[in-house]
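Now for the letters of each chain:
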Amino acid sequence: MSTFGVKPALGQGKNIVLLLTGAFAPIHRGHIETLDIAKDHYESEGHRVVGGIVSPSSDEYLGMKSTSLGKFTLDVRLNLCRRALEELAPWARCDDWEGRQPGFVDYPEVIAHYSQEYEKFGTDVVFLFGSDHPEFSTTLEKYGFSGMCLTREGHQVPRQMRQGSKRIHVVTTKHRYAGISSSKIRDVYSKMHHGLYTTFDLFILHFFSSYQ
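Computed from a predicted structure; not experimentally measured.

**Student:** Tell me about the overall build of the chain, residues and numbers included.
**Tutor:** Secondary structure assignment for the chain yields 9 helices and 6 strands. Residues classed as buried in the chain amount to 46% of the 212 residues present. Long-range contacts, defined here as pairs at least 24 residues apart, represent 67% of the contacts in the chain between residues at least 6 apart. Carbon together with sulfur atoms contributes 49% to the accessible area of the chain, which is approximately 11,100 Å² in total.

Laid out in structure tokens, this is it:
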């Protein structure tokens, strides 16, 4: 598995790799925006973001979520993620470790995998999640992982999380692409693809590029 060639942290700042997990069926600009917001935040605090990891879940996990996601096989999702990152966030990469594991792999296992990979470089892996999943902070604290909670419209951050944690950073921000979701993209495809796009990939990439 490739790494980012991380060097020991300089000064008081830390070297950080951002980790974003999910189905990514498909990836969209909201996902990219999450990476960018987190990167800007840590770099404004004097840290060095040396890379980002987008980790799509397995086909088995997608089957647990919905039987209508069969078109979004792991290989399709990996391809779309890699092409999107190449265009909009070349400092990050898409990795297939989680998706290739047999059975369902929960996010703490994914964090542990990459933390072990990068700890020898003196680098922190930071797990990104939204305020619509505040329960993630409890798990991160339990296992000693670092995380960033980004606010989501309609989902307040619990007071205990805002009161301060050395491991969990809360970032309040307005998301330019908050109205985009994977489910909305899938719905548009199901209604509009007839005769307009020769392949599924072309449709997704057109939809993706339409949000500038």
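**Student:** Describe helix H5 (residues 107-119), and please don't skip the residues or the numbers.
**Tutor:** The end-to-end C-alpha distance of H5, which contains 13 residues, comes to 18 Å, matching closely the 18 Å that a straight helix rising 1.5 Å per residue would cover. In the core, the buried residues of H5 are packed alongside strand S1 (15-22), strand S2 (48-56), strand S3 (92-94), helix H4 (97-100), strand S4 (123-130) and helix H6 (135-143).

**Student:** Break down the confidence of the model for the chain for me, with residues and values.
**Tutor:** A low pLDDT score tells you not to read the predicted coordinates there in detail. In the predicted model, the chain carries a mean pLDDT of 80, and the fraction of residues at 70 or more is 70%. Segment residues 195-199: pLDDT under 50, and 3 contacts once partners within four positions in sequence are set aside and those in other chains are kept.

**Student:** Tell me about the state of the cysteines, and name the residues and values.
**Tutor:** Per the counting criterion, the structure on display carries 0 disulfides. With no disulfide of its own, cysteine 81 has cysteine 94 as its nearest cysteine by sulfur position, at a separation of 4.3 Å. For cysteine 81, a relative accessible area of 0% gives the class buried.

**Student:** Describe the pattern of salt bridges, with residues and values.
**Tutor:** If you walk through the whole model with that rule in mind, you get 7 salt bridges. Residue arginine 100 is joined to aspartate 75 by a salt bridge in which the shortest nitrogen-to-oxygen separation is 2.9 Å. Residue arginine 100 is found in helix H4, and its partner aspartate 75 is found in helix H3 (residues 74-88); the two are separated by 25 residues along the sequence. Accessibility expressed as a relative area gives 45% for arginine 100, which makes it partly exposed. A relative accessible area of 47% means that aspartate 75 is categorised as partly exposed. Across the pair glutamate 117 and arginine 93 runs a salt bridge whose closest N-O atoms are separated by 3.7 Å. Of this pair, glutamate 117 sits in helix H5 while arginine 93 is found in strand S3, placing the two residues 24 residues apart along the sequence. Neither glutamate 117 nor arginine 93 differs from the other in exposure class; each is buried.

**Student:** Quick rundown of the packing of aromatic side chains? Include the residues and the values.
**Tutor:** The final tally for this structure, using the stated rule, is 9 aromatic pairs. Taking the centre distance of 5.9 Å and the plane angle of 55° together, the rings of phenylalanine 127 and phenylalanine 136 count as tilted. Each member of the pair phenylalanine 127 and phenylalanine 136 is classed as buried. One aromatic cluster is present, built from ring pairs that chain together Tyr107, Phe127, Phe129 and Phe136.

**Student:** Would you mind going over the sheet that holds S1 in detail, with residue names and values included?
**Tutor:** If you trace the 6 strands from one edge of the open sheet to the other, you get S3-S2-S1-S4-S5-S6, paired in parallel fashion. Of all strands in the sheet, those with a lone pairing partner are S3 and strand S6 (168-171), marking the two edges. Across the sheet, the axes of successive neighbouring strands diverge by a mean angle of 25°, strand direction being ignored. Relative to S3, S2 is paired through 3 bridges, and the arrangement is parallel. Considered in S3, the bridge of isoleucine 53 is made with arginine 93. Lying over the sheet, H6 contacts S4, strand S5 (146-150) and S6, oriented at roughly 160° with respect to S4.

The rules behind the values
Sequence order as written defines residue numbering, which begins from 1 separately in each chain. With the structure being a predicted model, the display of local features is reserved for residues of pLDDT at least 70 and the display and counting of side-chain atom pairs for 80 or more, all residues being used for whole-chain, interface and lining totals. Just so you know, side-chain values use all the structure's heavy atoms and leave hydrogens and water out. Secondary structure follows DSSP: runs of H or I at least 4 residues long count as helices, runs of E at least 2 residues long count as strands, and numbering of each begins at the N terminus. A simple rule labels every residue: compare its accessible area, found with a 1.4 Å probe on the protein chains alone, to the largest value its type can have, and call it buried under 20%, exposed over 50%, or partly exposed in between. We call two residues contacting when some pair of their heavy atoms lies within 4.5 Å. A 1.4 Å probe and the Shrake-Rupley method give the accessible areas. Residues count as covered only by the protein chains that appear here. What a helix should span is 1.5 Å times the count of its residues minus one. Residue-level confidence of the predictor is summarised by pLDDT, bounded by 0 at the bottom and 100 at the top. The criterion for a disulfide is a pair of cysteine sulfur atoms lying within 2.5 Å. Each salt bridge in this description consists of a side-chain nitrogen of Lys or Arg and a carboxyl oxygen of Asp or Glu lying within 4 Å of one another. A pair of Phe, Tyr and Trp rings is counted when the ring centres sit within 6.5 Å of each other, with Trp represented by its six-membered ring. The angle between the planes then sorts it: under 30 degrees is stacked, over 60 is edge-to-face, the rest tilted. Pairing between strands is defined by DSSP: at least two bridges between them are needed. Angles shown run from 0 to 180 degrees and are taken between the N-to-C directions of axes, each axis being a line fitted to C-alpha atoms and, for helices, limited to the stretch in contact.

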